[in-house]
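Structural description and commentary
Take a look at the letters that make up each chain.
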Amino acid sequence: MNSLNFKSVTVIVLLGLLLGVMYTYKTYRVCDPCELTVRSAVTIITQEVHPVSPDHLKYKQPSIINGRKDVVTVTPWLSPVVWEGTFDPDLLNPIYKAQNLSIAASVFAVGKYIKFLRDFLETAELHFFVGFNVHIYVFTDQPKVVPQVKMAAGRQLSVRSVPSAKRWQEISARRMELIQELIEAELHGSNDYIFCLDVDSKFHGHWGVESLGGLVAVIHPGYYKDDRSVFPYERRPLSTAYIAPGEGDFYYCGGAFGGHVGEVQQLAKTCRQNFRDDAERGIEAAWQEESHLNRYMWINKPSKILSPEYLWQDFKSREPEIHIIRFSGVVKNYAEIRPNV
């Protein structure tokens, strides 16, 4: 009798183990390996790592009661807004230097916009992530006339050929596609961050590691004091870039944005698909990629926001709260440089 009970218990235990193995096998079989990879990547992208300061580093004592009182330095979702006077390069640079980071930058010099490329590249050498590993990717339909600019150690330039366009809107629309493809083909594993910048702009002051973050937006200098009711969002519900009246946070620049390569890849991929969806409906967003970028960043809140110091406009006089102009769009005649206006 005892022997029979023992055998019965043994059989039940073995059946339980077998069912457990089968359940585990089935569970992992139904999960798409690609899906698991994507989930893992998202976890890596959003993971925050606390800063590690070198031992005995000397820098100015920080304060939580003294600082900028004329501007807002944090958003309602608790992302920092970077202004001059809100960070200390003497502290930040050693922290990020130890990480041996690589920063990419994409810039489009198509058609007559090629005339702005030399100033962009030469001023970037003076101000953009000086002392760090930087790789600038130039997309142009005139690769043979890309200027030769001497670059410091650890910095390099690559040229990518793209077709010409009859409409400047086509150039604008293709940017997200090309940025996505660049990240997927070359940047994953070799670069940590990327910034996508307008070529018809010049650097005038320091732009460095204070700008790094998961998803980084730049406040548009033309609308940072305005009510959102006057922001030039896409207002037609038929467009995937649509933002309804009473919605939205800030108005962000299409001429400067960036972040971790994985975050920017997702942004570019989403905006690219939304461009396609709009095209199938026969609609083009009011400000092309800038409209889609604003829609994306309204839902996917930037983890860091750069003040208008990071993309000013040369034709504007400096406002009292703008203590430094770091990057600025040059004065130009659109009728002269655009294939259509």
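In this text the structure is predicted, and so the values were computed from the model without any measurement.

So, on to the overall build of the chain. Within the chain one finds eight helices and eleven strands. By residue count, 44% of the 341 residues in the chain fall in the buried class. Once local pairs closer than 6 in sequence are excluded, the contacts in the chain between residues at least 24 apart make up 75%. Total accessible area computed for the chain in this model is approximately 18700 Å², and 57% of it derives from carbon and sulfur atoms.

A few words on the side chain of Gln 313. Looking at where Gln 313 falls in the secondary structure, it is placed in strand E10 (residues 312–313). Not counting the four nearest positions on each side in its chain, Gln 313 is found in contact with His 220, Pro 221, Gly 222, Ser 328 and Gly 329.

With that settled, the discussion passes to the packing of helix H6 (residues 261–280) against helix H7 (residues 288–299). The interhelical angle for the contact between H6 and H7, taken along N-to-C directions, is 120°, at an axis separation of 10 Å. By the angle between their directions, the pair H6 and H7 is classed as oblique. As for how H6 packs across H7, the hand of that crossing is right-handed. Of H7, the residues touching H6 (which contributes Glu 263, Gln 266, Leu 267, Thr 270, Cys 271, Asn 274, Phe 275 and Asp 278) are Gln 288, Glu 289, His 292, Leu 293, Tyr 296 and Met 297. For the contact of H6 with H7, the per-class residue count stands at six nonpolar, five polar and three charged.

Not every positive phi belongs to a glycine, and Leu 78 is a case in point at roughly 70°. Inspection of the secondary structure assignment puts Leu 78 in the loop between helix H2 (33–46) and strand E1 (81–82). The residue Gln 288 is not glycine, and still its phi comes out positive at about 45°. When you line up the elements, Gln 288 lands in helix H7. Exposure remark for Gln 288: the relative accessible area of 4% places this residue in the buried category.

Turning to the sheet that holds E10, a few remarks are in order. Strand order in the open sheet formed by three strands is E6-E11-E10, and the pairing between neighbours is mixed. The open sheet is flanked by strand E6 (201–203) and E10, the only strands paired with a single partner. Seen against the sheet, helix H4 (residues 117–127) touches E6 and strand E11 (327–329) and runs at an angle of roughly 25° to E6.

Each regular strand displays side chains that alternate between the two surfaces of the sheet. Across the five residues that make up strand E7 (residues 215–219), a large majority, five, are buried. Side chains Leu 215, Ala 217 and Ile 219 of E7 all project onto a buried face; the interleaved residues Val 216 and Val 218 project onto the opposite face, where all are buried too. Sheet topology note: the E7/strand E8 (residues 252–260) ladder contains four bridges and is antiparallel. Bridging from a neighbouring strand, Leu 215 pairs with Gly 259 of E8.

This brings us to the packing of aromatic side chains. Applying the stated criterion across every chain yields a total of 23 aromatic pairs. Aromatic pair Phe 108 and Phe 139: ring centres 4.6 Å apart, planes at 10°, arrangement stacked. Highlighted residues: Phe 108 in strand E2 (residues 102–109) and Phe 139 in strand E3 (residues 133–140), separated in sequence by 31 residues. Judged by its relative accessible area of 4%, Phe 139 is buried. Judged by centre distance (6.2 Å) and plane angle (75°), the rings of Phe 120 and Phe 327 are edge-to-face. Within this pair, whereas Phe 120 is found in helix H4, its partner Phe 327 is found in strand E11, the two being separated by 207 residues in sequence. Note on accessibility: Phe 120 and Phe 327 belong to one class, buried. The ring of Phe 132 carries the charged tip of Lys 97 above its face, separated from the ring centre by 4.9 Å. Stacked on the ring of Trp 77, the Lys or Arg Lys 301 has its end atom at 5.1 Å from the ring centre.

Moving on, we get to the sheet that holds E2. The mixed open sheet is built from eight strands, whose spatial order is E1-E9-E7-E8-E5-E2-E3-E4. The sheet terminates laterally at E1 and strand E4 (155–161), the two strands that pair on one side only. Inspection of the sheet shows E3 paired to E4 by seven bridges, in the parallel sense. Opposite Ile 136, over in E4, you have Leu 157 as the bridge partner. Contacting strand E5 (193–198), E7 and E8, H6 runs over the sheet at an angle of about 135° to E8. Against the sheet, H7 touches E7 and E8, its axis set at about 50° to E8.

Along E2, eight of the eight residues are buried, which leaves the element largely enclosed by surrounding structure. Neither face of E2 is left uncovered, since the one carrying Ser 102, Ala 104, Ser 106 and Phe 108 and the one carrying Ile 103, Ala 105, Val 107 and Ala 109 both have all their residues buried. In this sheet, E3 lies alongside E2 in parallel orientation, the contact comprising eight bridges. Bridge assignment links Ser 106 to a residue of E3, and that residue is Tyr 137. Since E2 and E3 lie parallel, the crossover through H4 that links them has a hand, and here it is right-handed. Here E2 pairs with E5 via six bridges, running parallel.

What counts, and at which threshold
- Here the residue numbering is sequential within each chain, running from 1 through the sequence in written order.
- A pLDDT threshold of at least 70 governs which residues receive local features in this predicted model, and a stricter bar of 80 or more applies before side-chain atom pairs are shown or counted, although totals over entire chains, interfaces and linings include all residues.
- Hydrogens and water are ignored here; the side-chain numbers use all heavy atoms of the structure.
- Numbering of helices and strands starts at the N terminus; helices are DSSP runs of H or I of at least 4 residues and strands are runs of E of at least 2.
- Think of it in three bands: residues with accessible area under 20% of the maximum for their type are buried, residues over 50% are exposed, and the middle band is partly exposed, with areas taken using a 1.4 Å probe on protein chains only.
- When checking whether two residues touch, look at their non-hydrogen atoms; a contact exists if any pair is within 4.5 Å.
- Residue burial considers only the protein chains on display, and all accessible areas are found by Shrake-Rupley using a 1.4 Å probe.
- Interaxial angles span 0 to 180 degrees and are taken between N-to-C directions of axes, which are lines fitted to C-alpha atoms, for helices over the stretch in contact.
- Roughly parallel here means an angle under 35 degrees, roughly antiparallel means over 145, roughly perpendicular means 65 to 115, and every remaining angle is called oblique.
- By the definition used in this description, the sense in which the near helix is turned from the far one sets the handedness, with an anticlockwise turn below a right angle giving left-handed and a clockwise turn giving right-handed.
- Think of it as three bins: nonpolar holds Ala, Val, Leu, Ile, Met, Phe, Trp, Tyr, Cys and Pro, charged holds Asp, Glu, Lys and Arg, and polar takes everything else, Gly as well.
- Strands qualify as paired when DSSP identifies two bridges or more between them.
- Only rings of Phe, Tyr and Trp enter the pairing, Trp through its six-membered ring, and a pair is recorded when the two centres are within 6.5 Å. The plane angle decides the type: under 30 degrees is stacked, over 60 is edge-to-face, the rest tilted.
- Counting as a charge over the ring demands two things of the Lys NZ or Arg CZ atom: a distance within 6 Å of the ring centre and an angle within 35 degrees of the ring normal.
- Place the viewer so that the strands point away; then a crossover is right-handed whenever the path from the first strand over the helix to the second strand goes clockwise.

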